[in-house]
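# Notes for the structure review
Read off the chains here:
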Amino acid sequence: MKGTLIFAVALAVACALPTENQEKNDPEGSGYRNHKLLSMTPTTKQQLEALEQVESGIEGSDFWIDPLLNHQAVFRISPDKFNDVMGILKNAGGHPNVLHEDVQEMMDTPEPQTQSRAATTQYIVNNAQYHSYATIQNYLNTFKSTYPSLVPDVGVTPHKTHDNRDVSYITLSTNGIGSTKQAIFMECGIHAREWISPAVCLYFIDRLLANYNSESTATELLNQFDWVIVPAANPDGYEYTRSSTSNRLWRKNRRRFTTGNCNGYYGVDLNRNFDAMWGTTGVSSSCTADTYPGTGAFSEPESMNIRDKVNEIKDRLSAFISIHSYSQMILTPYGFDGTKPSNTGHITSVSNAARDKLYNVHNKYFTVGTPGELLYHASGGSYDWSIVGAGVSFAVTYELRPAGSDWATGFRLPANQILPSGEEMWESLAHIALNH
């Protein structure tokens, strides 16, 4: 494709340029000290283009809420780039605001906590805290030993990560390992800093298994469908964000580039690495960027793992669901451009009803629309690939709590939000499963 060729040329140029400070791409020690958190609402096309210039062209920029006309963008900027960014935005007539003077100070401040409600006692997972990847793996094995008739398979995908970790999955089925029922695939935690995603997926698995014989929804969900779920698709990145507050905002995987002038830089955005108009939009050719899509489609073991597991069951796969945070949205396809699948009316209708089901639990409102309508176009996403590459007819991406305006908690959603998030997502996911 023309766009892919353009990106490949830009990539070659970008990786040939000398790097100024590799530590910006891999914060250690001082982490995000004196990094500013900014916001700006673009009201003109010129202002929007200036924000997009910052996102794609300023090394180390990190957009928490991406630029969209007449909507607030929230983004982190390193201190050495602050004056450049302010100049770009003000020259376009923008009015950027400094939300916080020192992002590391935010990271060092414990999240506000209130007493967490305990989950029903029959549940296995402790929903009052976020868990390590090793603990998540242990939970999957406990599910299998506790519910052997409903968990025919807990395994690892074929490609080890760059830090030599396995990526685990769990299969839920009433028909055993040879089941031919329709299947639903859920991918969670592909972006490292989005801790609420694996937590909500664990809650969903736990509730589905625990209540199979006592809750009609759980019974119906398992009687009608098999479920294949990857609770933490990016374990290297996830564990890196857990290692210290200096790394808490890491988004990508932990590939280390060891050749050329990109030597020493880290990370590929796994949700830009799938073969769905790869490298054409919503990406950066700079290997320092949070939206760097890799050297080619499926260059990363983590995206290959999702691809291979989906391809195993694609002949009976009826839905693909990707769980992210934050902004409270249900994103419908496609993300890579303004086109839509032929059944977009059905996908939107089911998603609107799923949004209403979610709202009725704890009054949290989610917006439904394509990424281009609500956020920005982005190529190489997993849920787009599930349709154009694997032939799935129904796919959505969730952006979980909090709302986009809640930048103070954002990726650091307090653990006391795990249980209510799980409860509202249970109702929403159940509606999608039973009506897609």
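Up top is the structure these notes are about.
The rules behind each value
Residues numbered from 1 in each chain as written. Predicted model: local features only at pLDDT ≥ 70, side-chain atom pairs only at ≥ 80, totals over all residues. Heavy atoms only, no water. Phe/Tyr/Trp six-rings, centres within 6.5 Å; stacked < 30°, edge-to-face > 60°. Helix = DSSP H or I, 4+ residues; strand = E, 2+ residues; numbered from the N terminus. Buried < 20%, exposed > 50% of the residue type's maximum accessible area, 1.4 Å probe, protein only. Lys NZ or Arg CZ within 6 Å of the ring centre and 35° of its normal. Axes fitted to C-alpha atoms, helices over the stretch in contact; angles between N-to-C directions. Parallel < 35°, antiparallel > 145°, perpendicular 65-115°, else oblique. Left-handed = near helix turned anticlockwise from the far one by under 90°. Contact = heavy atoms within 4.5 Å. Nonpolar A, V, L, I, M, F, W, Y, C, P; charged D, E, K, R; others polar.

## A closer look at the packing of aromatic side chains
- Taken as a whole and assessed by the stated rule, the structure comprises 15 aromatic pairs.
- On the numbers, 4.6 Å between centres and 15 degrees between planes, the contact of F63 with F75 is stacked. Linking F63 in strand β2 (residues 62-65) with F75 in strand β3 (residues 73-77), this pair joins segments that are 12 residues apart in sequence.
- A relative accessible area of 7% means that F63 is categorised as buried.
- Among the aromatic residues, those joined into a cluster by ring pairs are W64, Y326 and F411.
- Over the ring of Y240 we find R254; its NZ or CZ atom is 3.6 Å from the centre of that ring.
- In this arrangement the basic side chain of K309 is found over the ring face of Y169, its NZ or CZ atom lying 3.7 Å from the centre.

## Comments concerning the packing of helix α7 (residues 216-224) against helix α13 (residues 418-435)
- One way to put it is that α7 packs onto α13 with a least axis distance of 11 Å and a crossing angle of 40 degrees. If you check the angle between α7 and α13, you find them oblique. Crossing of α7 over α13 shows left-handed handedness. Residue-level contacts link T217, A218, E220, L221 and Q224 of α7 to W426, A430, A433 and L434 of α13.
- Classifying every residue of the contact of α7 with α13 by side-chain character gives 6 nonpolar, 2 polar and 1 charged.

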